[in-house]
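Here is what each chain is made of, one letter per residue.
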Amino acid sequence: MDIFSKIAAGEIPSYKCAEDERFYAFLDINPVGKGHTLVIPRREVDYIFDMDDEELAAFQVFAKKVAHAIKDVFNCKKVAQIVLGLEVPHAHIHLIPMDSEADVDFRKEKLELSQEEFQSIANRIYAAFKA
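Please read these numbers as outputs of a predicted model, since none were measured by experiment.

A.B. asks: Hey, could you run me through the sheet that holds strand 3 (residues 37-41) in this one?
C.D. replies: Strands belonging to one sheet form pairs held by backbone hydrogen bonds; the direction of such a pair is parallel or antiparallel. Across the sheet, which stays open at both edges, the five strands sit in the order 1-2-3-5-4 with antiparallel pairing between neighbours. Each of the sheet's edge strands pairs with one partner strand only, and the pair in question is strand 1 (16-19) and strand 4 (78-82). Across the sheet, the mean angle from the axis of one strand to that of its neighbour is 20°, orientation sign disregarded. Two strands pair when backbone bridges link them, and strand 1 and strand 2 (residues 23-27) are joined in this way by three bridges, in the antiparallel orientation. Directly across from Lys 16, in strand 2, lies its bridge partner Phe 26. Each of strand 1, strand 2 and strand 3 touches helix 3 (residues 115-130); the most contacted strand, strand 1, lies at about 25° to it.

Have a look at this one:
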């Protein structure tokens, strides 16, 4: 079981933003900005384009709902969707609130947030997702 599967299963703590029976969303612990969220399928699949069409479509619809929640919480211009990352062999989408393209620069220094800040952000996104 990879680290993202363990997070979705609750074996490793996370700041949960949204979930259903097939997908899970949680805050990135090394965020490029406040609200930087990872969306994953619960099923272990390394490459997003290895998902069958139905699963990929459902994954995108779930991510869209999470993005709307993030936009509601952060009142940003858009929520960026980025698919990248080779360090974890589990398909995932980065959702990042943005007001400019500089907000999604992965080369910039990552934010350092307290546990309280992470939990507050996750709770707000989760509440907006459920609304």
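A.B. asks: Explanation requested: the pattern of salt bridges in the structure shown.
C.D. replies: Side chains bearing opposite charge may pair, as long as their charged atoms lie close to each other. Summed over the entire model, instances satisfying the criterion amount to six salt bridges. Its salt-bridge partner being Glu 117, residue Lys 34 comes within 3.8 Å of it at the nearest N-O pair. Of the two residues, Lys 34 sits in the loop between strand 2 and strand 3 while Glu 117 sits in helix 3, which places them 83 residues apart along the sequence. By relative accessible area, which is 31% here, Glu 117 ends up partly exposed. The partner of Glu 55 in a salt bridge is Arg 43, and the shortest N-O contact between them spans 2.7 Å.

A.B. asks: In this structure, what is going on with helix 3? I would like to understand it.
C.D. replies: Side chains of residues three or four places apart in an α-helix project in the same direction, reflecting 3.6 residues per turn. Between its terminal C-alpha atoms helix 3 stretches 22 Å, which fits the 22 Å expected from 16 residues at 1.5 Å a residue. The inward-facing, buried residues of helix 3 contact strand 1, strand 2, strand 3 and helix 2 (53-74).

A.B. asks: Could you clarify how one ought to interpret the packing of aromatic side chains in this entry?
C.D. replies: The description of two aromatic rings rests on the distance between their centres and on the angle between their planes. Applying the stated criterion across every chain yields a total of seven aromatic pairs. Seen from their ring centres, Phe 4 and Phe 26 are 5.5 Å apart, and the 75° between their planes marks the pair as edge-to-face. Taken together, the residues span a long stretch of sequence, with Phe 4 in helix 1 (residues 3-8) and Phe 26 in strand 2 at a distance of 22 residues. Taking the relative accessible area as the measure of exposure, Phe 4 reaches 7% and is therefore buried. Between the aromatic rings of Tyr 15 and Phe 118, the centroid separation amounts to 4.9 Å while the plane-to-plane angle is 15°, which identifies the pairing as stacked. With Tyr 15 in the loop between helix 1 and strand 1 and Phe 118 in helix 3, the pair connects residues that are 103 residues apart, well separated along the chain. Summarising the burial analysis for this pair, Tyr 15 and Phe 118 share the class buried. A network of ring pairs unites the aromatic residues Phe 23, Phe 59, Phe 62 and Phe 129 as a single cluster. Taking the ring centre of Phe 74 as reference, the NZ or CZ of Arg 124 above it sits at 5.6 Å.

Criteria and thresholds
Residues numbered from 1 in each chain as written. Predicted model: local features only at pLDDT ≥ 70, side-chain atom pairs only at ≥ 80, totals over all residues. Heavy atoms only, no water. Pairing = 2+ DSSP bridges. Helix = DSSP H or I, 4+ residues; strand = E, 2+ residues; numbered from the N terminus. Axes fitted to C-alpha atoms, helices over the stretch in contact; angles between N-to-C directions. Contact = heavy atoms within 4.5 Å. Salt bridge = Lys/Arg side-chain N within 4 Å of Asp/Glu carboxyl O. Buried < 20%, exposed > 50% of the residue type's maximum accessible area, 1.4 Å probe, protein only. Expected span 1.5 Å × (residues − 1). Phe/Tyr/Trp six-rings, centres within 6.5 Å; stacked < 30°, edge-to-face > 60°. Lys NZ or Arg CZ within 6 Å of the ring centre and 35° of its normal.

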